[in-house]
Amino acid sequence: MTESTPLVEVRDVSKYFGSVIALEDISLHVKAGEVMCLLGDNGAGKSTLIKILSGVHQPDKGAYLIDGEELWFESPRDAIDRGIATVFQDLSMIPLISITRNFFLGREPTKGKGPLKRFDVAFAERITREELSNIGIDVRDTSQPVATLSGGERQAVAIARAVYFGAKVLILDEPTSALGVKQAATVLRYIARAKEQDLGVIFISHNVYHAHAVGDRFTVLDRGRSMGTFEKDETSIEELEKLMAGGKELDELTAELQENGSSESEATTAQSNDQESNE
Amino acid sequence: MTQSATESTADERVRQVSTLRKWLTRPELAAVAGSILVFIFFAVVAGDSGFLTSGGTSSYLEVAAQLGIVAVPVSLLMIGGEFDLSVGSMVGASGMIIAIGTTQYNLPLWVAVLLALAFAVIVGLFNGYVVVRTGLPSFIVTLGMLFALRGLTIGFARLITGRTQVGGLEQTTSGSPLQPIFAGSIGGFPISILWWLGLAVLGTWFLQRTTFGNWIFGAGGDATAARNVGVPVNRVKITLFVCTACSAVLLATIQVLAAGSADVLRGQLLELQAIAASVIGGALLTGGYGSVVGAVFGALIFGMVSQGIFFTGISTDWFQVFVGVMLLVAVLFNNFIRSRAQEAR
């Protein structure tokens, strides 16, 4: 793999749900040690794109390349096997079971052979504790249920899990959206740390400030279409925000509101006339 | 961060959790405590009328064992997030298959048992596939199976034998090597107790110590989340449905061989008793939480109450009142424990 080959790339991907165009001709790529931010308002198609990247959905058109090799994923498992780990918004964690069981769910370490093959609990607990302190969170007891962790801590567990299982690319679906300011900052720090470890990160957000803090490149989605991709040094928070809000539409709205403002007095008189006639 | 620093801080933290508190957040706590209380109650009230004798012990353990054999896989299925209301009907159906097979068609006993087992696998697969493919609640799917299977059993039994009871299995089964395995006794205690404890150990081991056990928790706790991390949720659930159906065959074999007869109505209400035992044992109706050990103690409570009442001399009519109150108290207690578990730090 040369330095310039992206870890993950999609080219002109489209996805339709019946007559609804969820995505149309979207292209993006991420290289090792890079944070690629995917920005967009609700309904912009971010979730659909993530689901394509993580193997949940198959696109109707376009190409998917891993290390420059074109392929399709049949299931999320395929994507995980190729080192593409997705941390979904619900974190894919089971609140009532222990941190350790969650950490290894679906990829349990085993020992013994044949019918005596079993879940290596001691190993799992040790690794969980190590990996969590590597990423900088202290859990007192990894056998406590995930329900006892805070939102930021759960996010950290999910990221640590993905990194431990050899993820080369981390896809993070709105990791900061449900968090308080402090916890969001902590999660952004985890993202920066993943980048330092030479992972490729695809960071989905609708918060431009969070994205701009850690991102290297930004793609803005709006109603299933790409509004363009920008390097960090060629754009600003204001510009991105304007794009996300649908730039032109917002300008029109502003103009419209100003117009309304000037004709406000007329409107009020019209309204009072209405009321009088009603009485 | 260095390795040694990591481990030493981690270890310090672990020790802060007191073992008492950890034990207090176990799902089976209510069932274990309940078993002890029920035992003390009957030991005091009915101790001198035979509850404490080996005969008395054997009688309540046998009742507990027969329920427990089914309650173990039912609790696993509940932790996996599904119900199986068709186990009771499955007991009636497989009992009839074994009895009719051996008496009417002169099949060797082991062939008849294998036939019942094959039928159970089909029923289990059907339940599982319908639940997984249609996304309908398993409560409804297996409720349908409860009626259909019971109806089929009664219908075919009457069609083939003209009756709803088939007796006279003793002549065909007396020499069979299967007789002592399923209906023998050791020192006055029926061998079904061993089956029950064996299944309990196996079930606990599977749930707590195997990959599949972790998948059961995942499938029941949040099926979508589990799928996202690569757990084959559908396969887990279907396997569990097959297990519950097969446990019904084991129970039916034990009953048929012990009684020498089969009845189409065998196993009625067993499905609800198994669910009650699991719930008393700490299983959550919504899945993802519970333990096999809890279900074993839940079954033990059932056994002690149903036989203990007999020894007290109180009319056994009151048995179900006791069970109902017990169930409510246990669920309230379990709720309390679970909220503690989620706060535990």
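The rules behind the values
Residues numbered from 1 in each chain as written. Chains lettered and ligands numbered in written order. Predicted model: local features only at pLDDT ≥ 70, side-chain atom pairs only at ≥ 80, totals over all residues. Helix = DSSP H or I, 4+ residues; strand = E, 2+ residues; numbered from the N terminus. Buried ≥ 20, exposed ≤ 12 C-beta atoms within 10 Å, placed from the backbone. Contact = placed C-beta atoms within 7 Å. Expected span 1.5 Å × (residues − 1). Arc of directions from axis to C-beta. Pairing = 2+ DSSP bridges. Right-handed = clockwise from strand over helix to strand, strands pointing away.

S.K.: Could you give an account of the overall build of chain A, naming the residues involved and the relevant values?
M.R.: Looking only at helices and strands, chain A features ten helices and twelve strands. In chain A, buried positions account for 43% of the 279 residues. Restricting the contact set of chain A to residue pairs at least 6 apart, pairs at least 24 apart contribute 69%.

S.K.: Mind laying out helix H7 (residues 138–161) of chain B, listing which residues take part and the relevant values?
M.R.: Residue and element names in this part refer to chain B. The first and last C-alpha atoms of H7 sit 33 Å apart over 24 residues, in line with the 34 Å expected at 1.5 Å per residue. Taken together, the buried positions of H7 are occupied by Ser 138, Val 141, Thr 142, Met 145, Leu 149, Arg 150, Thr 153 and Ala 157. In this structure, the buried side of H7 is in contact with helix H5 (87–103) and helix H6 (109–134). Positive backbone phi, at 80°, marks Gly 162, one or two positions downstream of H7.

S.K.: Pulling in residues and values, what's your account of helix H8 (residues 237–244) of chain A?
M.R.: Quick reminder: α-helices carry 3.6 residues per turn. Residues three or four places apart thus point the same way. Buried residues of H8(A): Leu240(A), Leu243(A) and Met244(A), and no others. End-on view of H8(A): buried residues confined to an arc of 100°, all on one side of the axis.

S.K.: So, the pairing of strand E10 (residues 200–205) of chain A: which residues are in play, and what are the values?
M.R.: Residues and elements named next belong to chain A. When you tally the buried positions in E10, you get six out of six residues, the bulk of the element. Because side chains alternate across E10, one face comprises the buried residues Gly 200, Ile 202 and Ile 204, and the other comprises Val 201, Phe 203 and Ser 205, equally buried. Bridge count for strand E3 (residues 34–40) against E10 is six bridges, and the pairing is parallel. By the bridge assignment, Val 35 is partnered in E10 with Val 201. In terms of handedness, the path from strand E9 (residues 169–173) via helix H6 (residues 181–196) over to E10 forms a crossover that is right-handed.

S.K.: Describe the environment of Pro6(A), listing the residues and the values that go with them.
M.R.: All names here are of chain A. Within the secondary structure, Pro 6 is located in the segment before strand E1 (8–17). Classification of Pro 6 by C-beta neighbours within 10 Å gives buried; the count is 20. Residues Pro 6 and Ala 85, spaced 79 residues apart in sequence, show a C-alpha to C-alpha distance of 16 Å. Once residues within four sequence positions are removed from consideration, Pro 6 is found in contact with His 29, Val 30 and Lys 31.

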